[in-house]
Amino acid sequence: GAKVIIASPTPTNPWETGTYSWTPTIYAYYSWYTAQLLGGPSAGVYYVDHGNYSAQVTKNLGLNVTDANFPMDNTHLAPYFADLFSQAFVLGLKCGTAGLQDFVVNATARIEGDVLGTSLSVNSTLPV
């Protein structure tokens, strides 16, 4: 009866060059594809587009805040971003097609906002 969630990787700093630039890596596709190969939702295997939701956070907060929260390099997060990226995962779970939305007790409207952003279009982020 367990549910398996496979999530795309979190982004490296999309402001690294001083201009926002985010394109999901091939590993996001591999994550989605693996969930599908394992049988997808009908087999209890779900995909959450964590990378795109986390990238949306960095875009909403801008260059200075994002750079400050990648303190060592363009990969490792400060605690503030680790917390926000975990919230972005919950938003992705709530907004996605996983069928697990009812397990998230927050209403989507309470999760969405200026920092986390809004539900991303499933059709543009998931080839389902």
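Since the structure is predicted, the reported quantities are computational estimates derived from the model, not experimental observations.

### Considering the overall build of the protein
The secondary structure content of the protein amounts to five helices and two strands. Counting from the amino terminus, helix and strand elements in the protein follow one another as β-α-β-α-α-α-α. Burial status across the protein gives 39% buried among its 128 residues. Put simply, of all contacts in the protein between residues at least 6 apart along the chain, 69% involve residues at least 24 apart. As presented, the protein carries roughly 7000 Å² of accessible surface, and 56% of it is formed by carbon and sulfur atoms.

### Observations regarding the pairing of strand S2 (residues 45-48)
Because side chains alternate across S2, one face comprises the buried residues Val45 and Tyr47, and the other comprises Tyr46 and Val48, equally buried. Summarising the sheet, strand S1 (residues 4-7) and S2 pair through four bridges and their orientation is parallel. Bridge assignment links isoleucine 6 to a residue of S2, and that residue is tyrosine 47. Once the chain exits S1 it traverses helix H1 (residues 26-37) before rejoining the sheet at S2, and the crossover so formed is right-handed.

### A few points about the nonpolar core
Membership of the largest hydrophobic core comes to 17 residues, with the highest contact counts inside it found for Val57, Phe81, Leu84, Leu91 and Leu116. Elements represented by at least two residues in this core include exactly S2, helix H2 (50-68) and helix H3 (79-95). Top contributing element to this core by residue count: H3, with seven residues. Grouped together as the second largest cluster of nonpolar side chains are six residues, Ile6, Ala28, Trp32 and Ala35 included.

About the cut-offs
- Numbering of residues starts from 1 in each chain and follows the order in which that chain's sequence is written.
- Given that this is a predicted model, residues contribute local features only at a pLDDT of at least 70 and side-chain atom pairs are listed and counted only at 80 or more, while totals for whole chains, interfaces and linings are drawn from all residues.
- As a convention, hydrogens and water are excluded, and side-chain values are obtained from all of the structure's heavy atoms.
- Note on conventions: DSSP H or I runs of at least 4 residues are helices, E runs of at least 2 residues are strands, and numbering of each starts at the N terminus.
- Remark: exposure states derive from per-residue accessible area (1.4 Å probe, protein chains only) relative to the maximum for the residue type, with buried under 20%, exposed over 50%, and partly exposed in between.
- When checking whether two residues touch, look at their non-hydrogen atoms; a contact exists if any pair is within 4.5 Å.
- Only the protein chains shown count as cover for residues, and all accessible areas are computed by the Shrake-Rupley method using a 1.4 Å probe.
- DSSP calls a pair of strands paired once it identifies at least 2 bridges connecting them.
- Think of it like this: strands point away, you trace from the first strand over the helix to the second, and a clockwise trace means the crossover is right-handed.
- What is meant by a nonpolar core is a set of buried Ala, Val, Leu, Ile, Met, Phe, Trp, Tyr and Cys residues, joined one to another through side-chain atoms within 4.5 Å.

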